[in-house]
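Inside the fold
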Amino acid sequence: MQAEPLATAPTRLATELDRCPSGMDEILPPFVLGSLDEDGDRLRLTTDSLGIGRLFELRTRWGWVWSNRPEAALAFAGEPYRMDEVAWAHNAVADEVFGHSSPYQGVRLVDAGTTITWDGHAQRLAAVSRDPVTSWSIPGAPGELSASMDAAVDSLTTVAASIGHLFPGTPTVALTRGRDSRLVAAAFLAAGTDITLTTHDALPEDLAVARDLIATLTDPPEHRVKHVASGDVAPPKAWAAIPNANAWHDYAEGLRPYSYLHYRAPRHLDIPRPPTIGRAGGEVAHGFFYLAGRDILENLPPAEMISRFTDGILRRYHRVAGPRPAAVALVRERIRTSLFDIAAHGYDDFTVLDLFYLRQRLRRWGTTGERPGTISPLIAPAFIRACIGLTPEQRQANLLHRELTRRLVPQWADAPYYPAEYAGTTTTRTPIAPRIIRVADATDRDAVNSLVHDPTTWESVLRPEVVRQLWADSLAGHTDAREERVLRAMIWRAAFSDRLHLLDGRAVRQRPHIPWTPQSELIPPPHTSVTGAPQAERSERSDTAPGGTSPTDPDVRSRTGPLATAARRAARSCAWTRLRNTPIGDPVKAVARRARRHGLKI
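Residues numbered from 1 in each chain as written. Predicted model: local features only at pLDDT ≥ 70, side-chain atom pairs only at ≥ 80, totals over all residues. Heavy atoms only, no water.

**Examining the environment of Gly-281**
Looking at where Gly-281 falls in the secondary structure, it is placed in the loop between strand 11 (276-277) and helix 9 (294-297). Sequence spacing of Gly-281 and Leu-358 is 77 residues, and the spatial spacing of their C-alpha atoms is 8.0 Å. Every residue in contact with Gly-281, bar those within four places of it in the chain, is listed here: Leu-362, Leu-378, Ile-379, Phe-383 and Ile-384. (Helix = DSSP H or I, 4+ residues; strand = E, 2+ residues; numbered from the N terminus. Contact = heavy atoms within 4.5 Å.)

This is how it looks when you write it as structure tokens:
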């Protein structure tokens, strides 16, 4: 079949979708399609089936504004730039925004699979949405997994082949131990698209597995090895926290997660050449939000099962008691409502969690829709439909990834996946723990210290006493990655607040300059526990050790007796390895951190 010329393809596509709206299910997201019939005074806007392409809407006193950039919508409407407090409460807890909220007050994200039509002659606005949760699967219906796999293979190879025709240059595809990277690479190899495979050497196991996989190919593509310093070998490059946050907000208008704080923002939104090949979407096929005890949870009454799901998802987002309880409550209710809505469509098992990932995290946390030229084959509708058709058991067994890989590159199908399947197969070496990149490592430590001590721009969603304690712990090198999230959230929000003042022509608050000094690490009590269950925010620190001895007494700080010895043994045990990242392990780790701060060597 002759391909439509690029010059006329958008017009032809708009016509076809007008005639058959379900045709959007055959198009790889992200996209937003707009068509204007000037003679008929008719505007039509369509979002992709997963809602990854970004379309924002703003209602004014005189009408509606739509844009793929929220700041552009506000500028066109002449509306003030204000922070959406609900969205930023979400961000403080979860590092993402839920539902239709945006970082800007009054600006709303249009839903997935939505067609908006404005008829100027009739002065009528109509909006119709198609939810993939209800339109792509019928819970409990007999599965046709083989047919859906065939469709997924055809879609993945079609996407891979089309990239070679649409974009100049040779795309680079990452290859690691992971499931998603292997499947994406297999799709390009099966399609015969010229690619360059790349693997970094920070984790030796990644490089070893990639080389083993490539060695099985009869005509392997070029393989480049990128040198990245391992976490315990070299420190990260110097970075400045507040300038980085400002640059990211300039680039992404508050839509990037604060996880990117220590990275340098791109300078522009131009299309990358060659295109960036991503792996987003594969999580829907392997249980990203799954909890332990599936057999027990799936047999609970529906309301209790959803309550346990809500707790599990919230615990994944929120492990440190830095956000205010009101912000946590907002996120909890949003998660609970979304899960109940999914379950109401007939889903009664762990598939509810996969569909929550599809509806929420895939479209709100990821960056695939940020600019053209970022291609993620695993968000192809045919692949997602196959994911939805799996049972939870099949997801946990990596069935879809393994079987699709078998059809694309058979010799790769049975190689084990990271992490669990690699136990004892490729190496006995203990994996390197990633280096914790702390905010206290930033080169603008004085500016961050000043921000910590002036909570005006962030105290509505974060607890100042906890932030100050975490800052002291970060300076002392005692924080873990979860605790560092609270400090990143503080900087992210404060930088966005300053940006809104600049956009609105208002004066940016001049914070008192409080340079950091070594004494800043010793912030006195009161101290509030910074780790615990989402609903538990309590004070657990005592100013004195048992017997009235101060924790800062040298005799206590240097204690290495039986208690410390037993703690070290427990930390190396198999039981602790299984429990450390569970709700049981969290309070134990909190006690251990406090003990280390008091000088106990464990």
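What follows picks up the thread again.
**Some remarks on the sheet that holds strand 7 (residues 124-129)**
Across the sheet, 4 strands lie side by side as 1-2-6-7; this open sheet has antiparallel pairing. Strands at the two margins of the open sheet, each flanked by one partner only, are strand 1 (32-37) and strand 7. In this sheet, neighbouring strand axes are inclined to one another by 10 degrees on average, regardless of whether the strands run parallel or antiparallel. Here 5 bridges tie strand 2 (residues 42-47) to strand 6 (residues 114-119), and the two strands are oriented antiparallel to one another. Looking at strand 6, one finds that Thr-46 is bridged to Thr-115. In the packing of helix 1 (residues 9-19) onto the sheet, contacts are made with strand 1 and strand 2, and the angle to strand 1 comes to roughly 90 degrees. (Pairing = 2+ DSSP bridges. Axes fitted to C-alpha atoms, helices over the stretch in contact; angles between N-to-C directions.)

**Quick look at helix 15 (residues 399-408)**
All of the buried residues along helix 15 are Leu-400, His-401, Arg-402, Leu-404, Thr-405 and Leu-408. On the buried face of helix 15, the contacting elements are helix 5 (145-166), helix 6 (179-191) and helix 13 (381-388). (Buried < 20%, exposed > 50% of the residue type's maximum accessible area, 1.4 Å probe, protein only.)

**A short note on the pairing of strand 2**
Note: strand 1 against strand 2, 6 bridges, orientation antiparallel. From the neighbouring strand, Gly-34 faces strand 2, where its bridge partner is Leu-45.

**Section: helix 16 (residues 445-452)**
Because each turn of an α-helix spans 3.6 residues, side chains separated by three or four positions in sequence point in the same direction. Every buried residue belonging to helix 16 is among Val-448, Asn-449, Ser-450, Leu-451 and Val-452, and all of these are buried. Residues of helix 16 that are buried make contact with helix 8 (241-252), helix 17 (464-475) and helix 18 (481-503).

**Regarding the nonpolar core**
Formed by 126 residues in total, the largest nonpolar core has its most connected members in Phe-309 and Phe-383. Element by element, the count of residues in this core is highest for helix 18, at 10 residues. What Phe-309 contacts, discounting residues up to four positions off in sequence, is Leu-291, Leu-297, Leu-339, Asp-349, Phe-350, Val-352 and Leu-353. (Core = buried A, V, L, I, M, F, W, Y, C linked by side-chain atoms within 4.5 Å.)

**Describing a negative patch on the surface**
A cluster of acidic residues, Asp-37, Glu-38, Asp-39 and Asp-41, forms a negative patch on the protein surface. The class of Asp-41 is partly exposed, set by a relative accessible area of 34%. (Patch = residues over 30% accessible without salt bridge, like charges linked within 9 Å, V, L, I, M, F, W, Y side chains within 5 Å. Areas by Shrake-Rupley, 256 points an atom, 1.4 Å probe, with all protein chains shown as cover. Salt bridge = Lys/Arg side-chain N within 4 Å of Asp/Glu carboxyl O. Lys, Arg positive; Asp, Glu negative; His and termini not counted. Charge placed at Lys NZ, Arg CZ, Asp CG, Glu CD.)

**A few points about the confidence of the model for the chain**
Scored by pLDDT, the chain comes out at a mean of 84, with 81% of its residues at no less than 70. Contacts from residues 424-429, a stretch scored under 50 in pLDDT, to residues over four places away or in other chains number 5 contacts. Between residues 520-560, whose pLDDT stays under 50, and residues either more than four places distant or in other chains, the model counts 74 contacts. (pLDDT = per-residue confidence, 0-100.)

**A short note on the pattern of salt bridges**
One pass over the structure, following the stated rule, counts 31 salt bridges. With its nearest N and O atoms 3.2 Å apart, the salt bridge here joins Arg-130 to Asp-25. With a gap of 105 residues between them, Arg-130 in the loop between strand 7 and helix 4 (132-135) and Asp-25 in the loop between helix 1 and strand 1 connect regions that are remote in the sequence. A residue is classified by how much of its surface remains accessible, and Arg-130, at 24% relative accessible area, is partly exposed. Assessed through its relative accessible area of 8%, Asp-25 is described here as buried. Across the pair Arg-499 and Asp-250 runs a salt bridge whose closest N-O atoms are separated by 2.2 Å. Taken together, the residues span a long stretch of sequence, with Arg-499 in helix 18 and Asp-250 in helix 8 at a distance of 249 residues.

**A few points about the sheet that holds strand 4 (residues 64-67)**
What the 3 strands build is an open sheet, ordered 4-3-5; its pairing is antiparallel. Pairing within the sheet leaves two strands with one partner each, and these edge strands are strand 4 and strand 5 (107-109). Taking the axes of each pair of neighbouring strands and ignoring which way they run, one obtains an average angle of 25 degrees across the sheet. Pairing between strand 3 (residues 56-59) and strand 5: 3 bridges, direction antiparallel. Its bridge partner lying in strand 5, Phe-56 is registered against Leu-109. Here helix 2 (residues 70-77) sits on the sheet and contacts strand 3, strand 4 and strand 5; the angle it forms with strand 4, its principal contact strand, is near 145 degrees.

**Some details on the packing of helix 10 (residues 302-317) against helix 11 (residues 325-343)**
Running from N to C, helix 10 and helix 11 point in directions that differ by 135 degrees, and their axes come no closer than 9 Å. Between helix 10 and helix 11, the crossing angle belongs to the class labelled oblique. As helix 10 runs across helix 11, the sense of the crossing is right-handed. Residues Ala-303, Ile-306, Phe-309, Thr-310, Asp-311, Ile-313, Leu-314 and Tyr-317 of helix 10 pack against Val-328, Val-331, Arg-332, Ile-335, Arg-336, Leu-339, Phe-340 and Ala-343 of helix 11. In terms of residue class, the contact of helix 10 with helix 11 is built from 12 nonpolar, 1 polar and 3 charged. (Parallel < 35°, antiparallel > 145°, perpendicular 65-115°, else oblique. Left-handed = near helix turned anticlockwise from the far one by under 90°. Nonpolar A, V, L, I, M, F, W, Y, C, P; charged D, E, K, R; others polar.)

**So, the packing of aromatic side chains**
This structure, assessed with the given rule, holds 14 aromatic pairs. Ring centres of Trp-64 and Trp-66 lie 6.2 Å apart, and the angle between their planes is 10 degrees; on these two criteria the pair is classed as stacked. Residues Tyr-104 and Phe-496 carry aromatic rings whose centres are separated by 5.1 Å and whose planes lie at 70 degrees to one another, so their mutual orientation is edge-to-face. Of this pair, Tyr-104 sits in the loop between helix 3 (85-94) and strand 5 while Phe-496 sits in helix 18, placing them 392 residues apart in sequence. Phe-496 shares its class with Tyr-104; the two are buried. Through a chain of ring-to-ring contacts, the aromatic side chains of Phe-98, Phe-288, Phe-289, Tyr-317, Phe-356 and Tyr-357 assemble into a single cluster. Sitting over the ring of Tyr-260, Arg-256 keeps its end group 4.3 Å from the ring centre. Geometry around Trp-516 places Arg-445 over its ring, the cationic atom sitting 4.5 Å from the centre. (Phe/Tyr/Trp six-rings, centres within 6.5 Å; stacked < 30°, edge-to-face > 60°. Lys NZ or Arg CZ within 6 Å of the ring centre and 35° of its normal.)

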